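Observations on the three-dimensional arrangement
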Amino acid sequence: MDGQNQKKTGKQKAVNYAKWGYIFIIPFFVVYIIFTLVPQFLTIYNSFFETYRDGLTQIGPNFVGLDNYRAVFTPDSSGTIRILKYFANTLIMWVAGAVPQFVIAMLLAIFFTSYRLNIKGQGFFKTVIYMPNLIMAAAFSMLFFTLFNRAGPIQAILVQNGMIDQSFDFFAYKITVRGMIALMNFLMWFGNTTIVLMAGIMGIDQSLFESATIDGANSTQVFFKVTLPLLMPIFVYCLITAMIGGIQMFDVPQVLTNGKGVPDELSRTLIMYLNGYLINKNFGMAGAISVIILIITGILGGIVYRMLSAQYKAPKQKRKY
Amino acid sequence: MNKSEKGRLKLMILRVIVYIILIFLCVLCLFFFYLMVINASRSNAQLSSGFTLIPKGHFIDNLVNAWTDASINIPRGMLNSLIIALVSAVLTTYFSALTAYGIHVYDFKGKTAVFTFIMAVMMIPAQVSALGFVQMMNKMHLNNNFLPLIVPSIAAPVVFFYMKQYMESVLPLEIIDAARVDGSGEFYTFNKIVLPIMKPAIAVQMIFSFVSSWNNYFIPALLLDKAEMKTVPIMIAQLRSADYSKFDMGKVYMFILLAILPVMIVYIILSKSIIRGVTAGSVKG
């Protein structure tokens, strides 16, 4: 019987338990296949078909090959290739939020981990700066709209102080709208980055700092010659995951501008573009845009994957069943 | 002044600058939410009369008005969001731990491939398969149903990865051996011995998945259009697209406050363990 064989040799024991490995991972894979993998292929499949609604009539689905992709990259009547415009918007707003996010996070991580500075109240500071990361983006964005619109309190403060005219409108200029979106993204993410970079710095072997100091390095040299190079993997990981997050930018600009990307679609992001086609049920175009975004995230995700799996390449002697 | 005194003075100035920067950032983080709370305590007339930093006495009025609003049923939305977020949090942590355990403890053919696959798809966002997902759910008549928002949480690669890493650091395989010797079945071992050991990881991931589900807007907005099925983020977006000039602004601030309140309460109670949980699961240096 099974039980008897099990007692005889270790090798057979491993064979007997193998089926449990499959049983334990089945729920994950069944759900993943049904709710993610099949929809992913369906999305790609749709990108080769013409399917949309023209008024009340349903057009398609008709196979059109790569026509949807061609349409995505064809300039519209005003001569702009819309996907490139929205990609540029997304990129500009991401950079505007991410640069201060990483600079400040790096500074704070150094402050918090410095023995010389010995910052008190770290728990409080970390709690406050991380807080916006958990706020519902849609609600945060709605809050910004209520505060910054022409009837809102920010306008009132600035007018009272004579800094702006009553006729000023935060939602009429690309710099202010993009600025608000970048500010929200910055506030939502710098605390998170600070905490991750801090953990990275604290993970560095303390003796390296000590020997560098003994060898006569000053704190600037220690930072650039010891801390920064050793922190690089985590920094790059943070940066790329932040990029992947940036491509997904949707809730904040969608709610802030009511899906319009004011002014003149200059704050409209890639996912807002996709969302528009999904709502209009133009599945062909939505499919093509989804595939393009999938390719971009795939490239970035590939880098993250290589970094994470590098951890597992180190030979590990561990007994497995 | 000698050299060490100079150094001490320099350090003190540096410290003051650092505290000023920290306080400034904290004020920046709290300022907008402070305005929200203040404005949620003012009547519509007070709000249109200008700006103040002092709370007024209409908090309860606004709360009652928002809670009983006819067009935006916020109590229903909060209940819907709560159901989806709670069930998702339980499912995602249990099944991620189960999957991680299956790969961590057992040796089977294709195990490396399975692990590689999960790692490879980890960074793919839900938006790029949303089209096929929404199409499928519509065909299965599962739009205006919570199942498509709950069941997919069983397969969460990021949570899986976190659990896997946690197991590697805290779960000695000898315990499982010992349980087997005592005649414990495989599922019994997982549920009664492994899960209690995993408690800290499960708690942290439950909080994170609760929060991300509570805040999720993109997919629910594509699936739920019946008023009584809507979740909080959809209602907030609805507030934005409504005719703004007719709104009682005190009520609007109260809606926003209610939308973020449950997460804030959880955060205030558990901020320490939440912040500790942020770093786990990322690249080690």
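Some points on the nonpolar core
Side chains of a nonpolar character, in soluble globular proteins, are inclined to be buried together. Formed by 163 residues in total, the largest nonpolar core has its most connected members in A139 and L197 of chain A together with I236, F255 and I256 of chain B. Leave out the neighbours within four places in its chain, and L197 of chain A touches A105, M106, A109, L231, I234, F235 and C238 of chain A.

A closer look at unusual backbone geometry
Glycine aside, residues mostly have negative phi, and peptide bonds are mostly found in the trans state. Omega for the bond connecting V262 of chain A with P263 of chain A falls within 30 degrees of zero, at -10 degrees, which places this linkage in the cis form. Tracing the backbone through its elements, the reader meets P263 of chain A in the loop between helix 11 (251-256) and helix 12 (270-279). Positive phi, close to 55 degrees, is recorded for N258 of chain A, a residue that is not glycine. Tracing the sequence through the fold places N258 of chain A in the loop between helix 11 and helix 12. Here H141 of chain B, not a glycine, exhibits a phi torsion of approximately 55 degrees, which is positive.

Overview of the confidence of the model for chain A
Residue and element names in this part refer to chain A. Averaged over every residue, the pLDDT of chain A is 88; residues scoring 70 or more account for 92%. The low-confidence segment residues 1-15, where pLDDT is below 50, has seven contacts with residues more than four positions distant or belonging to other chains. Every residue in residues 314-321 scores below 50 in pLDDT, and together they form seven contacts with partners more than four places removed in sequence or on other chains.

A few points about the domain arrangement of chain A
Residue and element names in this part refer to chain A. Looking at the assigned domains, one finds that chain A contains domain 1 (2-67) and domain 2 (76-313). When each unit is reduced to the centre of its C-alpha atoms, the spacing between domain 1 and domain 2 is 33 Å. Facing nine residues of domain 1, the contacting portion of domain 2 comprises eight residues. Top element by residues in the side of domain 1 that touches domain 2 is strand 1 (residues 49-54). It accounts for five residues. Grouping the constituent residues of the side of domain 1 that touches domain 2 by class yields three nonpolar, four polar and two charged.

Details of the interface of chain B and chain A
Taken together, the contacts link 77 residues of chain B with 88 residues of chain A. Mapped onto the side of chain B that touches chain A, the elements with two or more residues apiece are helix 1 (3-40), helix 4 (74-105), helix 5 (111-121), helix 6 (130-139), helix 11 (199-215), helix 12 (218-223), helix 13 (232-241) and helix 14 (249-279) of chain B. Residue composition of the side of chain B that touches chain A, grouped by class: 56 nonpolar, 15 polar and six charged.

A short note on the packing of helix 4 (residues 82-113) of chain A against helix 8 (residues 174-202) of chain A
Axis angle and axis distance: for two packed helices, these are the angle between their axes and the distance between the axes, and together they describe the pair. All names here are of chain A. Two numbers describe how helix 4 lies on helix 8: the axes approach to 6 Å, and their chain directions differ by 35 degrees. Pair helix 4 / helix 8 crosses with right-handed handedness. Here the residues of the contact of helix 4 with helix 8 are counted per class, giving 20 nonpolar, six polar and one charged.

Some remarks on the pairing of strand 2 (residues 57-63) of chain A
Residue and element names in this part refer to chain A. In terms of burial, strand 2 is largely open, as just zero of its seven residues are buried. Summarising the sheet, strand 1 and strand 2 pair through five bridges and their orientation is antiparallel. Residue pairing for strand 2: E50 is matched across the bridge by N62. Here strand 1 hands over to strand 2 after two residues, with G55 in that stretch at a positive phi of 65 degrees.

A few points about the confidence of the model for chain B
On average, chain B scores 91 in pLDDT, and the residues at 70 or more come to 97%. Overall fold confidence for the complex sits at a pTM of 0.90, while the interface term, ipTM, reaches 0.93.

So, helix 5 (residues 122-130) of chain A
Taken residue by residue, helix 5 of chain A has F125, K126, V128, I129 and Y130 of chain A as its buried positions. Structurally, helix 5 of chain A contributes buried residues whose contacts are with helix 8 of chain A together with helix 1 and helix 14 of chain B.

The rules behind the values
- Residue indices follow the written sequence of each chain, beginning from 1 at its first position.
- By the order in which they are written, chains take letters starting at A while ligands take numbers starting at 1.
- At least 70 in pLDDT is required for a residue's local features to be given in this predicted model, at least 80 for side-chain atom pairs to be given and counted, and no such filter applies to totals for whole chains, interfaces and linings, which use all residues.
- Each nonpolar core consists of buried Ala, Val, Leu, Ile, Met, Phe, Trp, Tyr and Cys residues. Their C-beta atoms, within 7 Å, join them into a set.
- Labels follow a simple rule on C-beta atoms placed from the backbone: if 20 or more others lie within 10 Å of a residue's own, it is buried; if 12 or fewer, it is exposed; otherwise it is partly exposed.
- Whether two residues are in contact depends on their C-beta atoms, placed from the backbone: they are in contact if these lie within 7 Å.
- Labels follow the DSSP assignment, with helices taken as runs of H or I lasting at least four residues and strands as runs of E lasting at least two, numbered in each case from the N terminus.
- A residue's pLDDT is the confidence the predictor assigns to it, expressed on a 0 to 100 scale.
- Where a domain begins and ends is set by an automatic assignment or by a domain database.
- Only Asp, Glu, Lys and Arg are considered charged in this grouping, and only Ala, Val, Leu, Ile, Met, Phe, Trp, Tyr, Cys and Pro are considered nonpolar; every other residue, Gly among them, is considered polar.
- Helix axes are fitted only over the stretch in contact, all axes being lines through C-alpha atoms; the angle between N-to-C directions runs from 0 to 180 degrees.
- We call a crossing left-handed when the near helix sits turned anticlockwise from the far one by less than a right angle, and right-handed when that turn is clockwise.
- Whether two strands pair comes down to DSSP finding at least two bridges between them.

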